[in-house]
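Listed below, chain by chain, are the residues.
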Amino acid sequence: MAEVVFDGVTKVFPGETVALDDLTLEIADGEFMILVGPSGCGKTTALRCVAGLERPTRGTIRVGDRVVNDVTPRDRDVAMVFQNYALYPHMSVYRNLAFGLRQRRVPKAEIDRRVREISAMLGLDDLLRRRPAQLSGGQRQRVAMGRALVREPRAFLLDEPLSNLDAKLRVQMRAELKRLHARLGITTIYVTHDQTEAMTLGDRIAVMSNGRLQQLGAPQEVYDHPANLFVAGFIGSPPMNLVRGRAEGGRVVAGDLTFERSRIPDGEVAVGIRPEALSPSADGTPSFEFLVDVVEPLGDEVVVHGTTTGSTVETGAEEEEVPTQVEGARAPITARFDPGVRLAPGERLRLGVRPDRIHVFDLRTGAAIP
Amino acid sequence: MSERTLFEAPVEAILKPLPDEGEPTRRRFLFSGWHLVLLPLAVVMIVPLLWMLITSVETLNETRHFPPILVPHQIRWQNYTQVLRQAPFARWMLNTLIVTTLVVIGNLFFCSLAGYAFARFRFFGRDVVFLLVLATLMVPFQVIMIPTFLIVRKLGLIDTLWALVVPNLAGAFGIFLLRQFFRTLPIELEEAARIDGASRLGVLFKIVLPLSGPALATLAVVTFLWTWNDFLWPLITLYTPTHYTLQVGLTTFQGAHQTNTHLLMAANVMSMVPVLLLFFLAQRYFIRGIATTGLKG
């Protein structure tokens, strides 16, 4: 086991594509670190740099006390689980698991012991003689993990390992991963674009965009205090509501919403409110008008989509080109209420929000204003 | 998301038998316009073979008869034994087998190495070099025959079987074929193997080649046929009759003044047996390999 350190790592691909831009990140020994971001943000490139599949253009990568920039993948002693598992199709599960140990000339008896141990741990005992083609998606996934773990690597790299599983299996495997990590304590770097995985799995998460580290911290901390507009728009589902506004003399006005904030510099701002921070009654808190558009009862909560006066803000974290601007100059708002709240499309009401739950960002730099 | 990931489809598709092989559901013969073209073509292909078979069991006089005698008066199997007695036929067969085997093995080995390098390594000038290799496919053998001869003579290999083996150990066709095939394999398999501790050569021999059965079989069959049937090069490099290959040996039945057509055809039939056997055995791989590399013919 070992710590993994990125020190000013930049990766430029032929054609001047900058996949990683001066990434500095320290992953402690035994830590479970999540790299999260939209596709193309450089998270996979970062992982491949640790694995030795890509060579950084600038900067150094350290595993343990060794700089590994010029070390071949085989000598780095890290293991990786690929998104598509990359099981060797012509080998049985047993031989897939044993391959890495054989390459390292581990004695046969020792290989057998470790393969049996890991396959018992992952529930693969009955599958050892099968070929990957004869396994279900979940089984393949477990074999891929087993193949990485059986080597007892110094660092464990996972590249969106759950994205090819169906939703139910994903929830199961998520819990299993967490259990495995608690048990083995291997330094783990986990790449994902999935919110839930990012929030639930990691000790810390590193939010990335355009090859840059946007924010690093414990999941809850990142959720509660997004450092900039990108993180605000990316972390959280449904995403944070963002409305364009203006700060002047300690008072912020965004559309219909007005609230006080001391020591805020004058200028253009974006006002951000998490869907669950909204309440359907004003109660003397700052509030704004809201026109209900769609109501989604989910059983344990109800998600209400609608609009308010004002215009929205692009964060760069939008998944796809969904037209966010509806009905001319109105900003879309999403709110999460208790299931008891009954609303109907077309209804108008005022939504309240506590001032301390309102985030304010500088519209020019995107940085959060405390 | 489906259980079978997209990524695995190509490799598994290769490893599975083709769906239209094995036990086809018997369908009644349906006539289509294509048969008007295919049937005459089939006749054109098969008539020389039949004629060869017939001639090989006739007497010399019957072979000279006009119009040709299509049903011999008696079947002369002794033509075959006479060929074996009159010429070192078994020796030629052995020579040809040795040469062909070595050339096939050499091509599989060296073309794999070169093809893999062109497919997966990033090195300066790779694409230019690959283009040059491809360009050699356009150079007719007659153009390089004399320079090759001079080199082989310098190496002191003239009139030995090595003269046939050494210049043919690798070829542009094989390099091209294997490179194209290797590029279709999912690269993650190779990356996984490298992280698992395999060297670049280890990846090639333990992961890539075991998954390249169809392409390797295609290359083996094509190389076998070319080498087995090669005539011009053995003709100019081999002088001693016991060093001959089959194709050169066959010409000894063809004199300036008289041709022993019946013996020639008997020898021909025998020389074709291994080729036909191989073709029938490897046909399924052969056709699949050609299909998977997107090459026709």
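It should be emphasised that the depicted structure is a prediction, and the values quoted were computed from it without experimental measurement.

K.L.:
Help me understand the confidence of the model for chain B, please; the structure alone is not making it clear to me.
P.N.:
Caution applies to low-pLDDT regions: their predicted coordinates should not be interpreted in detail. Residues and elements named next belong to chain B. When pLDDT is averaged across chain B, the result is 83; 86% of the residues are at 70 or more. Counted against residues more than four places away or in other chains, residues 1–23, with its pLDDT under 50, gives 38 contacts. A low-confidence stretch, residues 292–297 stays under pLDDT 50, and its non-local contacts, those more than four residues away or across chains, total 9 contacts. For this predicted complex, the interface confidence reaches an ipTM of 0.82, while the overall pTM sits at 0.79.

K.L.:
Sorry if this is basic, but what is going on with the sheet that holds strand E6 (residues 78–81) of chain A here?
P.N.:
The pairing of strands in a sheet comes from backbone hydrogen bonds and takes either a parallel or an antiparallel form. All names here are of chain A. An order of E6-E7-E8-E3-E9-E10 is seen for the 6 strands of this open sheet, with the pairing classed as mixed. Taken across any chain shown, the strands that pair with only one partner, and hence form the sheet edges, are E6 and strand E10 (212–217). Recorded for the sheet is a direction-independent mean angle of 20 degrees between the axes of neighbouring strands. Alignment of strand E3 (residues 32–36) against strand E9 (residues 204–209), held across 4 bridges, turns out to be parallel. Counted as the bridge partner of Met33 is Arg204 from E9.

K.L.:
Help me understand the interface of chain B and chain A, please; the structure alone is not making it clear to me.
P.N.:
Taken together, the 25 residues of chain B in the interface contact 30 residues of chain A. Together chain B and chain A conceal approximately 2,500 Å² of surface at their shared face, both sides included; 56% is due to carbon and sulfur atoms. The tally of links between chain B and chain A comes to 3 salt bridges. Here Asp196(B) makes a salt bridge to Arg147(A), at a shortest N to O gap of 3.9 Å. Applying the counting rule to chain B against chain A returns 12 residue pairs in polar contact (both at pLDDT 80 or more). Taken together, the residues that form the side of chain B that touches chain A break down as 12 nonpolar, 4 polar and 9 charged.

K.L.:
Before we go on, may I ask you to explain unusual backbone geometry in this structure?
P.N.:
The bulk of non-glycine residues show a negative phi, and the bulk of peptide bonds are trans. Residue and element names in this part refer to chain A. Here Ser237 and Pro238 are connected by a cis peptide whose omega angle stands at 0 degrees. Here Ala86, not a glycine, exhibits a phi torsion of approximately 50 degrees, which is positive. By secondary structure assignment, the location of Ala86 is in the loop between E6 and helix H3 (93–103). Relative accessible area serves as the criterion here: at 0%, Ala86 is assigned to the buried category. Of note, Asn210 is a non-glycine position whose phi angle comes to about 50 degrees, a positive value. Tracing the backbone through its elements, the reader meets Asn210 in the loop between E9 and E10.

K.L.:
Teacher, can you tell me more about the packing of helix H5 (residues 89–120) of chain B against helix H11 (residues 200–208) of chain B here?
P.N.:
Residues and elements named next belong to chain B. Running from N to C, H5 and H11 cross one another at 110 degrees; their axes reach a closest spacing of 11 Å. Taken together, the axis directions place H5 and H11 in an arrangement best described as roughly perpendicular. The hand of the H5/H11 crossing is right-handed. Residues Phe109, Ser112, Leu113, Tyr116 and Arg120 of H5 lie in contact with H11, whose contacting residues are Arg200, Leu201, Val203, Leu204, Phe205 and Val208.

K.L.:
Whenever I open this one, a nonpolar patch on the surface confuses me. Can you help?
P.N.:
A cluster of nonpolar residues, Val43(B), Met45(B), Ile46(B), Val47(B), Leu49(B), Leu50(B), Trp51(B), Leu53(B), Leu70(B) and Val71(B), forms a patch on the protein surface that exposes about 980 Å² of accessible area. Structurally, the position occupied by Val43(B) is in helix H2 (residues 34–55).

K.L.:
What am I meant to see in H2(B) here?
P.N.:
An α-helical turn contains 3.6 residues, so a residue and the one three or four places further along point in the same direction. All names here are of chain B. A rise of 1.5 Å per residue sets the reference length of H2, with its 22 residues, at 32 Å; its end C-alpha atoms lie 32 Å apart and thus fit the reference within 8%. Ile46 marks the point of greatest bend in H2, at about 30 degrees, and the proline Pro48 comes within the next four residues. Along H2, the residues that are buried comprise His35, Met52 and Thr55.

K.L.:
For this particular structure, what's the right way to read the packing of helix H5 (residues 137–149) of chain A against helix H6 (residues 167–184) of chain A?
P.N.:
For any two helices packed against each other, the geometry comes down to the angle between their axes and how far apart the axes lie. All names here are of chain A. For the pair H5 and H6, interaxial distance at closest approach is 12 Å and the crossing angle is 15 degrees. Our classification of the angle between H5 and H6 gives roughly parallel. In this structure, H5 meets H6 at a crossing whose hand is right-handed. For the pair H5 and H6, contact is made by Gly138, Gln141, Arg142, Met145 and Leu149 and by Leu169, Met173, Glu176, Leu177, Leu180 and Leu184, respectively. Taken together, the residues of the contact of H5 with H6 sort by class into 7 nonpolar, 2 polar and 2 charged.

K.L.:
How should I be thinking about the pairing of strand E14 (residues 267–273) of chain A in this particular structure?
P.N.:
As a general feature of sheets, a regular strand has side chains that alternate between the two faces. Residues and elements named next belong to chain A. Most of E14 is tucked away: 6 of the 7 residues are buried. Here strand E11 (residues 241–248) pairs with E14 via 7 bridges, running antiparallel. Looking at the pairing, Gly245 lines up with Val269 of E14. Of the strand pairs in this sheet, E14 and strand E19 (residues 358–362) are connected by 5 bridges, and their pairing is antiparallel. Residue pairing in the sheet places Val271 in a bridge with Val360 of E19.

K.L.:
Sorry, what's going on with the pairing of E11(A) here?
P.N.:
Relative to strand E12 (residues 251–254) of chain A, E11(A) is paired through 3 bridges, and the arrangement is antiparallel. Paired with Ala247(A) across the two strands is Val252(A), which belongs to E12(A).

K.L.:
What exactly am I supposed to notice about the sheet that holds strand E1 (residues 4–13) of chain A here?
P.N.:
Residues and elements named next belong to chain A. With antiparallel pairing, the 4 strands of this open sheet are ordered in space as E2-E1-E4-E5. With partners counted over all chains shown, the strands left at the sheet margins are strand E2 (17–27) and strand E5 (66–67), one partner each. Relative to E5, strand E4 (residues 58–63) runs antiparallel, the two being bridged by 2 bridges. In the sheet register, Arg62 faces E5, and the bridge partner there is Val67.

K.L.:
It is not clear to me how the nonpolar core should be interpreted in this structure. Could you clarify?
P.N.:
Here is a general trend for soluble globular proteins: nonpolar side chains tend to be buried in one another's company. Of all hydrophobic cores here, the largest spans 64 residues; its most connected members are Phe6(A), Leu35(A), Phe182(B) and Ile207(B). Take this core: its biggest share by element is 8 residues, from helix H9 (residues 172–184) of chain B. In this structure Phe182(B) touches Ser112(B), Gly115(B), Tyr116(B), Ala119(B), Arg120(B), Leu204(B), Val208(B), Leu209(B) and Ser212(B), once residues within four positions along its chain are discounted. Formed by 47 residues, the second largest nonpolar core is a distinct cluster that contains Val106(A), Met145(A), Leu180(A) and Ile205(A).

K.L.:
Which parts of the structure should I look at to understand the pattern of salt bridges?
P.N.:
Side-chain pairs of opposite charge can arise whenever the charged atoms involved come near each other. Residue and element names in this part refer to chain A. Counted according to the given criterion, the structure contains 27 salt bridges over all chains. Between Glu54 and Arg48 there is a salt bridge whose closest N-O contact spans 3.2 Å. A salt bridge links Glu110 to Arg113, with the shortest nitrogen-to-oxygen separation between them at 3.2 Å. A residue pair is termed a helical-turn pair when its members lie 3 or 4 positions apart in one helix, as Glu110 and Arg113 do in helix H4 (residues 108–121) at 3 residues. Assessed through its relative accessible area of 26%, Glu110 is described here as partly exposed. Here Arg113 falls in the partly exposed class, since its relative accessible area comes to 43%. Here the residues in one salt-bridge network are Glu110, Arg113, Arg114, Glu117 and Glu152, joined through shared partners.

The rules we used
- Sequence order as written defines the numbering, with residues in each chain counted from 1.
- Both sets of labels track the order of writing: A upward for chains, 1 upward for ligands.
- pLDDT decides what is reported in this predicted model: residues at 70 or higher carry local features, side-chain atom pairs at 80 or more are listed and counted, and totals for whole chains, interfaces and linings draw on all residues regardless.
- Neither water nor hydrogens contribute to the side-chain values; these are computed over all heavy atoms in the structure.
- Confidence of the predictor in every single residue is expressed as pLDDT, which spans 0 to 100.
- Whether two residues are in contact is decided by their heavy atoms: any pair within 4.5 Å suffices.
- One bridge is not enough; two strands pair if DSSP finds at least two bridges between them.
- In this description a helix means any DSSP run of H or I spanning at least four residues, a strand means any run of E spanning at least two, and both kinds are numbered starting from the N terminus.
- Lines are fitted to the C-alpha atoms to define the axes, a helix being fitted only along its stretch in contact, and any angle between axes, read from their N-to-C directions, falls within 0 to 180 degrees.
- When two parts are brought into contact, each loses some accessible area as probed by a 1.4 Å sphere; the total of that loss over both is the buried area.
- The term salt bridge refers to a pairing of a side-chain nitrogen on Lys or Arg with a carboxyl oxygen on Asp or Glu at a separation within 4 Å.
- Here a polar contact is taken to be a pair of N or O atoms separated by no more than 3.5 Å, where protein atoms must pair a possible hydrogen donor with a possible acceptor and residues adjacent in sequence count only if both atoms sit in side chains.
- Under the scheme applied, nonpolar residues are Ala, Val, Leu, Ile, Met, Phe, Trp, Tyr, Cys and Pro; charged residues are Asp, Glu, Lys and Arg; polar residues are all the others, including Gly.
- Buried means the residue's accessible area, taken with a 1.4 Å probe over protein chains only, is under 20% of the maximum for its type, while exposed means over 50%, and partly exposed covers the values in between.
- Any angle that falls under 35 degrees is termed roughly parallel, while one over 145 is termed roughly antiparallel, one within 65 to 115 roughly perpendicular, and all others oblique.
- For any helix crossing, the convention is left-handed if the near helix is rotated counterclockwise from the far helix by under a right angle, and right-handed if that rotation is clockwise.
- Patch construction takes residues with relative accessible area above 30% that form no salt bridge. Like charges are linked within 9 Å, and nonpolar side chains (Val, Leu, Ile, Met, Phe, Trp, Tyr) are linked within 5 Å.
- To measure how exposed things are, a 1.4 Å probe is used in the Shrake-Rupley method; for residues, cover is taken only from the protein chains shown.
- Each helix should span, by expectation, one fewer than its residue count multiplied by 1.5 Å.
- Fitting axes to the seven residues ending at a residue and to the seven starting there, one defines the bend at that residue as the angle between these axes.
- Buried Ala, Val, Leu, Ile, Met, Phe, Trp, Tyr and Cys residues that are joined via side-chain atoms within 4.5 Å together make up what is termed a nonpolar core.

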